[in-house]
Amino acid sequence: MARRVITAAEAEIPAARVGVMGTSLSGIDAAMAVATQHGRFVQRRGEQLRFDPAEPDGDARLSITMMSRAGLLPEADFYCPIPYEPLSVMTPEALAALEGRDDLLDAVFDLFRAELTQADPAYAEALESLGANTSFDASDDAVTVSLRALTENRDEAADLLHDALTTPRFDADAVERVRAQVQSVIRSEATDPQSIAAKEMARRAWGDHPYGSSLNGTAESVAALTADDLRAAKDRVLARDRVIVSAAGDIDAAALGALIDRILGDLPAQATAPLPPPAQLKLTGETTVIDWDSPQTVVSFAQAGLPMSDPDYFAAFVLDHILGGGGFSSRLMDEIREKRGLTYGVGTALANKVLGETWQGGMATANDKTAEAVVLVREVVGKIREGVTDKELADA
């Protein structure tokens, strides 16, 4: 006999005490579908969104409770430590003053832009007048600098980037503001289970190699930094012999060469800071437990990976997709979340750095379910040695 799934939107559910199993987006959709059968959501200008129930049928009242299958809160897509250094432009008072404006989104963006550019108003104004923007970032392997500019303004924008790279000011107020922000991140990480687990895994995997320490440093090392330290580090690291350039857009090879010389020509020819050696993986298969007062346990696991130069790398990449890197289509997600509801998410990845590589994964689960979930991870990973199905290979 053919069967058809009836959704919450199609089913006629009377006003009653309704339970929705699950707190994911699908669970929220189900709750909203039931709620809109018995009323409507209304938001008037200057008011918060509210639910207006329909006229009750007798004494019946609608009550919806969302219940987690495993006692877990949904895991966040990313971690953002709060609070950062207090904002001086985009303050709660400034935001409150915008309420009721027809151009609310534009007004909020203007505040946001003003907050971002307060560190160096002249530099930001010059970039904006040229229709250009720059960005700087640091990772375990590189300092990344990017420039985007209109063709007619690219020489002027290049001059601004040249100045930022060769003669950065490191003004005292800017240094203190960023110091406070980094210290805020460090404090937040010290109380975040995901960060604690990640730092411990890095320390055990890489030991005294730079990969084994936090990119943010420590509270003590950040507190001790001076503007002179920053200038010295810049002079020792930023040099032409270590630069890798990529470019795209309205420019040919000759013009690009001239532009690169314009930006980088005054940097030192050679860097004096020694590069670290290749990292030697120090994992031995042991289990480390860190006591932490929390209803959930964060689980991280890792082993040796493959360099991208290995002839089996892309086969390993596909295998990882099937095992844990493919989201809801992966074996780990199917066995641990879908079939047993032990976690909101479990995943794996090949983590390749310039000087070392691992295969690693992780999940979070209720404390009393941790042992069961870890056993399942070991079982699923072990079973992959038996091979994959034709369908799994084709889908991956």
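Structure first, text after, so check above.
Residues numbered from 1 in each chain as written. Predicted model: local features only at pLDDT ≥ 70, side-chain atom pairs only at ≥ 80, totals over all residues. Heavy atoms only, no water.

Asker: A description of the overall build of the chain should follow, citing residues and the corresponding values.
Answerer: In terms of helices and strands, the chain carries 14 helices and nine strands. Counting only residues that meet the buried cut, the chain has 27% of its 396 residues in that class. Within the chain, residue pairs in contact and separated by at least 24 positions form 69% of the contacts whose partners lie at least 6 positions apart. (Helix = DSSP H or I, 4+ residues; strand = E, 2+ residues; numbered from the N terminus. Buried < 20%, exposed > 50% of the residue type's maximum accessible area, 1.4 Å probe, protein only. Contact = heavy atoms within 4.5 Å.)

Asker: Residues and numbers for unusual backbone geometry, please.
Answerer: Not every positive phi belongs to a glycine, and Phe170 is a case in point at roughly 50 degrees. The residue Phe170 is located in the loop between helix 5 (154–166) and helix 6 (172–189) in this model. Using a relative accessible area of 26% as the deciding quantity, one classes Phe170 as partly exposed.

Asker: Go over the packing of helix 5 against helix 10 (residues 253–264), please, and point to the residues and values.
Answerer: The interhelical angle for the contact between helix 5 and helix 10, taken along N-to-C directions, is 35 degrees, at an axis separation of 7 Å. Across from Arg154, Asp155, Ala158, Asp159, Leu161, His162 and Leu165 in helix 5, the residues of helix 10 making contact are Ala255, Leu259, Arg262, Ile263 and Leu264. Class assignment for the residues of the contact of helix 5 with helix 10 results in seven nonpolar, one polar and four charged. (Axes fitted to C-alpha atoms, helices over the stretch in contact; angles between N-to-C directions. Nonpolar A, V, L, I, M, F, W, Y, C, P; charged D, E, K, R; others polar.)

Asker: Quick one: what's the story with the nonpolar core, residue by residue and with numbers?
Answerer: By size, the foremost hydrophobic cluster in this structure holds 20 residues, and its most contacted members are Leu323, Leu332, Ile336, Val346, Trp359, Met363 and Val377. The contact partners of Val377, leaving out residues within four places of it in the chain, are Phe301, Leu332, Ile336 and Met363. By size, the runner-up hydrophobic cluster in this structure holds seven residues, among which are Leu165, Leu259, Ile263 and Leu264. (Core = buried A, V, L, I, M, F, W, Y, C linked by side-chain atoms within 4.5 Å.)

Asker: Run through the packing of helix 12 (residues 331–338) against helix 13 (residues 370–383), naming residues and quoting values.
Answerer: Between helix 12 and helix 13, the shortest axis-to-axis distance is 10 Å and the interhelical angle comes to 150 degrees. Here helix 12 is positioned roughly antiparallel relative to helix 13, judged by the angle of their axes. In this structure, helix 12 crosses over helix 13, and the sense of that crossing is right-handed. Here helix 12 contributes Arg331, Leu332, Glu335 and Ile336 to the contact with helix 13, which in turn contributes Ala373, Leu376, Val377, Val380 and Lys383. (Parallel < 35°, antiparallel > 145°, perpendicular 65-115°, else oblique. Left-handed = near helix turned anticlockwise from the far one by under 90°.)

Asker: Can you break down the packing of aromatic side chains residue by residue, with the values?
Answerer: Here the structure, examined in full by the defined rule, presents four aromatic pairs. Ring geometry for Phe301 versus Trp359: centroids 6.0 Å apart, planes at 50 degrees, classification tilted. Of this pair, Phe301 sits in strand 7 (residues 296–304) while Trp359 sits in strand 9 (residues 357–366), and the two are 58 residues apart along the sequence. Under the relative-accessibility criterion, Phe301 is labelled buried at 15%. What makes Trp359 buried here is its relative accessible area of 10%. The positively charged end of Lys353 is found above the aromatic ring belonging to Tyr211, 5.2 Å away from the centroid. (Phe/Tyr/Trp six-rings, centres within 6.5 Å; stacked < 30°, edge-to-face > 60°. Lys NZ or Arg CZ within 6 Å of the ring centre and 35° of its normal.)

Asker: Kindly report on the pattern of salt bridges, identifying the contributing residues and their values.
Answerer: Here the structure, examined in full by the defined rule, presents 17 salt bridges. Residues Arg169 and Asp171 are paired through a salt bridge, measuring 2.5 Å at the closest nitrogen-oxygen approach. Each of Glu200, Arg203, Arg204 and Glu286 takes part in salt bridges that share partners, so that together they form one network. (Salt bridge = Lys/Arg side-chain N within 4 Å of Asp/Glu carboxyl O.)

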